[in-house]
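Each chain, written out:
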Amino acid sequence: MMRRFVRTRRFGTRADVDETVLVVPGKTLIGGEWVGAQKRAVFPVFDPATGDVVGSAPDMGAAETEIAIDAASSALESWRRTSPRDRSRRLRQWHDSIVERREELARLMTLECGKPLAEARGEVDYGASFVEWFAEEGPRCVGSVDASCSDRRMLTTRQAVGCAGLITPWNFPLGMITRKAGAALAAGCTVVVKPAEDTPLTALALAKLAEGALPPGALNVVTAARANAPAVGEVLCASPVVRALSFTGSTEVGKRLYAQCAGTVKKLGLELGGNAPFVVLDDADLDLAVECAMASKFRYSGQTCVCADRFLVHDAVFDDFEDRLLRAIRKLEIGRGLDDGVTLGPLINQRAADRVRSLIPDDAAVFDKHAAAARALGPTFVAPALVRVDLDLDHPPPCWDNENFGPVVPLARFRGDDDAVIEIANRHATGLAAYVVAGDLRRAWRIAERLETGMCGVNQGIISTATMPFGGVKESGIGREGGIGFGISEYLEDKYLCFGNLHF
Ligand SMILES: NC(=O)c1ccc[n+]([C@@H]2O[C@H](COP(=O)([O-])OP(=O)(O)OC[C@H]3O[C@@H](n4cnc5c(N)ncnc54)[C@H](O)[C@@H]3O)[C@@H](O)[C@H]2O)c1
Ligand SMILES: O=CCCC(=O)O
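About the thresholds
Residues numbered from 1 in each chain as written. Chains lettered and ligands numbered in written order. Predicted model: local features only at pLDDT ≥ 70, side-chain atom pairs only at ≥ 80, totals over all residues. Heavy atoms only, no water. Core = buried A, V, L, I, M, F, W, Y, C linked by side-chain atoms within 4.5 Å. Buried < 20%, exposed > 50% of the residue type's maximum accessible area, 1.4 Å probe, protein only. Pairing = 2+ DSSP bridges. Helix = DSSP H or I, 4+ residues; strand = E, 2+ residues; numbered from the N terminus. Contact = heavy atoms within 4.5 Å. Axes fitted to C-alpha atoms, helices over the stretch in contact; angles between N-to-C directions. Phe/Tyr/Trp six-rings, centres within 6.5 Å; stacked < 30°, edge-to-face > 60°. Lys NZ or Arg CZ within 6 Å of the ring centre and 35° of its normal. UniProt positions renumbered as here; feature names shortened; annotations may be inferred. Right-handed = clockwise from strand over helix to strand, strands pointing away. Expected span 1.5 Å × (residues − 1). Polar contact = N/O pair within 3.5 Å; in protein donor to acceptor, adjacent residues only side chain to side chain. Domains from an automatic or database assignment. Buried area = accessible area lost by both parts, 1.4 Å probe. Salt bridge = Lys/Arg side-chain N within 4 Å of Asp/Glu carboxyl O. Nonpolar A, V, L, I, M, F, W, Y, C, P; charged D, E, K, R; others polar. Near = heavy atom within 4 Å. Areas by Shrake-Rupley, 256 points an atom, 1.4 Å probe, with all protein chains shown as cover.

### Observations concerning the nonpolar core
Most often, soluble globular proteins keep nonpolar side chains buried together rather than apart. In terms of nonpolar packing, the biggest core is built from 67 residues, with Leu-91, Trp-94, Ile-98, Leu-185, Leu-214, Leu-219 and Tyr-491 touching the most fellow members. Listed in part, the 38 residues of the second largest apolar core include Phe-321, Ala-433, Tyr-435 and Met-455.

### Remarks on the sheet that holds strand β18 (residues 477-478)
The strand order across the open sheet built from six strands is β7-β6-β5-β8-β9-β18, with neighbouring strands paired in mixed fashion. Taken across any chain shown, the strands that pair with only one partner, and hence form the sheet edges, are β7 (219-221) and β18. Two elements, strand β8 (residues 242-248) and strand β9 (residues 267-271), share five bridges in a ladder whose sense is parallel. When the sheet's bridge partners are listed, Leu-245 is paired in β9 with Leu-268. Along the sheet face, helix α6 (residues 175-187) touches β5 (163-167), β6 (191-194), β7, β8 and β9 and points at about 155 degrees away from the line of β8.

### Quick notes on the packing of aromatic side chains
Tallied over the full model, the rule gives six aromatic pairs. When the ring of Tyr-126 is compared with that of Phe-130, the centres are 4.9 Å apart and the planes differ by 70 degrees; the resulting orientation is edge-to-face. Taken together, the positions of Tyr-126 and Phe-130, both in helix α5 (residues 117-137) and four residues apart, correspond to about one turn of that helix. For Tyr-126, a relative accessible area of 12% puts it in the buried group. The interplanar angle of 85 degrees and the centroid separation of 5.8 Å between the aromatic rings of Trp-170 and Phe-405 together place this pair among those described as edge-to-face. You can see Trp-170 sitting in the loop between β5 and α6 and its partner Phe-405 sitting in the loop between α14 (398-401) and β13 (408-414), a full 235 residues away along the chain. Given the relative accessible area of 17%, Trp-170 is considered buried. Sitting over the face of the ring of Tyr-300, Lys-115 holds its NZ or CZ atom 4.6 Å from the ring centroid.

### Digging into the UniProt feature "active site" (unreviewed entry) in the chain
In the numbering adopted here, UniProt assigns the feature "active site" (unreviewed entry) to Glu-271. Assignment of secondary structure puts Glu-271 in strand β9. Judged by its relative accessible area of 4%, Glu-271 falls in the buried class. Leaving out residues up to four positions away in the same chain, Glu-271 has contacts with Lys-180, Phe-247, Thr-248, Gly-249, Leu-432, Phe-470, Gly-471, Gly-472, Ser-476, Gly-479, Arg-480 and Glu-481.

### Quick word on the pairing of strand β16 (residues 455-458)
Here β16 shows a buried face lined by Met-455 and Gly-457 and an unburied face lined by Cys-456 and Val-458. Crossover connection from strand β15 (residues 433-437) via helix α16 (residues 441-450) to parallel β16: handedness right-handed.

### Considerations on helix α10 (residues 286-298)
With 13 residues, α10 extends 18 Å from end C-alpha to end C-alpha; this agrees with the ideal 18 Å at 1.5 Å per step. Residues of α10 that are buried: Leu-286, Ala-289, Val-290, Cys-292, Ala-293, Met-294, Ser-296, Lys-297 and Phe-298. On the buried face of α10, the contacting elements are α5, β10 (276-280), β11 (308-314), α11 (318-330), β13 and β15. Regarding α10, its N-cap is Asp-285, as a side-chain oxygen of that residue lies 3.0 Å from the backbone nitrogen of Asp-287 further along. Downstream of α10 by a residue or two, Tyr-300 has a phi angle that is positive, lying close to 45 degrees.

### Structural notes on the domain arrangement of the chain
Looking at the assigned domains, one finds that the chain contains domain 1 (53-272 + 479-492) and domain 2 (276-464). Using C-alpha coordinates to define each centre, domain 1 is positioned 31 Å away from domain 2. In this assembly, domain 1 packs against domain 2 so that about 1,500 Å² is buried in total across both faces, 62% of it on carbon and sulfur atoms. Between domain 1 and domain 2 we count zero salt bridges in total. Taken together, domain 1 and domain 2 are joined by four residue pairs in polar contact (both at pLDDT 80 or more). Among the residues making up the side of domain 1 that touches domain 2, the classes are represented as eight nonpolar, three polar and seven charged.

### Some remarks on the site of ligand 1
Neighbouring residues of ligand 1: 29 residues in total, closest Thr-168, Glu-197, Ser-250, Leu-272 and Glu-403. Between Gly-249 and ligand 1, the recorded distance is 3.1 Å, taken from a backbone N or O atom to an oxygen atom. Glu-271 places a polar main-chain atom, nitrogen or oxygen, 3.4 Å from a nitrogen atom of ligand 1. Expressed as a share of its isolated accessible area of 830 Å², the protein-covered part of ligand 1 is 93%. Those elements that place two or more of their residues in the shell around ligand 1 are α8 (229-238), β8 and α9 (251-260). Built from parts of two domains, the shell around ligand 1 gets at least three residues from each of domain 1 (53-272 + 479-492) and domain 2 (276-464).

So, in structure tokens, the structure goes:
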């Protein structure tokens, strides 16, 4: 009976839960609309700033994932046969409904992930831009014809790969979903999204906003508590119906999913962790260097995969840069994301905050005003810390070798020529983003080309955009998202057709 119900309904957007009420100050976004006939276990969603419960989401597992895959599979044939132009219009409609609810989505996101409201608004814009971008990309994904042989015509067509499983993290509760789902849906795939357990509400709201634009079964959302995430992942990876799996999250889980997908040889996209070097050369404009450093390091309190993580500053400008950076850090305002003027919110949960605190050595530079504010606000708040790192030591501190995912600035001095800093920067297993601040752009170009990362910002701290390919090399992952032709190709198969013996 449950099977029949979800085959015709979008899953998760109509979860059978009557406890699900979204508390958005002053407004209820779509509270209570997921009430169905059956009760289902739910898990609570917490405000990272206060620890208050802000809502709940259905705690689904393997059985529900199978059902969601069925729903996606049932919708696939008709969706992939829909003309790319029609799909594009529908995506555009989804985009418009996201933009229309910008403020509510932003507030909801701040409530469940804690990022300052201005950043959450920025993420709605960023997330919506992927839906818009792929609505435009879809109709342009055409094949090619080789008519150079006298008696043959050889061509390629681009076909939707099939159903796609999309597993996303909490740090961009909206943007990481639209970056995948926008591409997949534009390509003609139907999807099952598994959002992070900390941020299921934004995912459900997004799916709700797609109702009316997308046909039933095209976009399915399976929410699950942390304990059920592996079960959901196993089903998505093992299912022969799911032909592509795209994951954004930790390198550890990414490696596990990589192995799990081997059995069905899926098309795989992995956007994993980084540990971005941020290089300041001796001819850099130091005001610009600090501006870029602050933007990159403190975006969402340091909880992005492209945050600057290893600051490598030339000996000649080290002291000056450090002084200026400390002055900029001092101006950060710690507080709850919904409060005016806050630039540094809480970390996602206490486990994450404790982990970050454990990476900060006792001799780190921390301002008293931040330390006091963090203490008063609660256990998820971490004061920004600057940690001097001596690269001559055999063992640099753990915050150097590990992506710190918090407001921690590990700062090291380098001497020597550009090759020296390239060598240090590349001394890491991951390779997602890097940053170079330089006066001489020829030097910067040469360094940027030699850094082993998928992306590099030169004199720029925020580089993410729908129009350029996002992704890493080495253990930072496989594949690209966004960009012209890149992101959408992850969900397309190129088929070669050969028409021979045409006897023209
Ligand atoms: N490269 C990128 O684009 C990008 C973007 C955001 C975050 N990240 C990385 O993600 C990490 C932080 O995010 P996180 O803590 O949410 O990562 P995570 O890997 O713990 O969780 C990500 C998602 O995977 C799910 N998950 C966890 N275990 C699973 C399993 N065994 N099987 C299937 N799914 C499982 C989670 O429920 C969540 O939805 C950081 O390393 C960060 O750099 C990378
Ligand atoms: O955290 C990873 C994604 C960040 C981004 O898209 O800029």
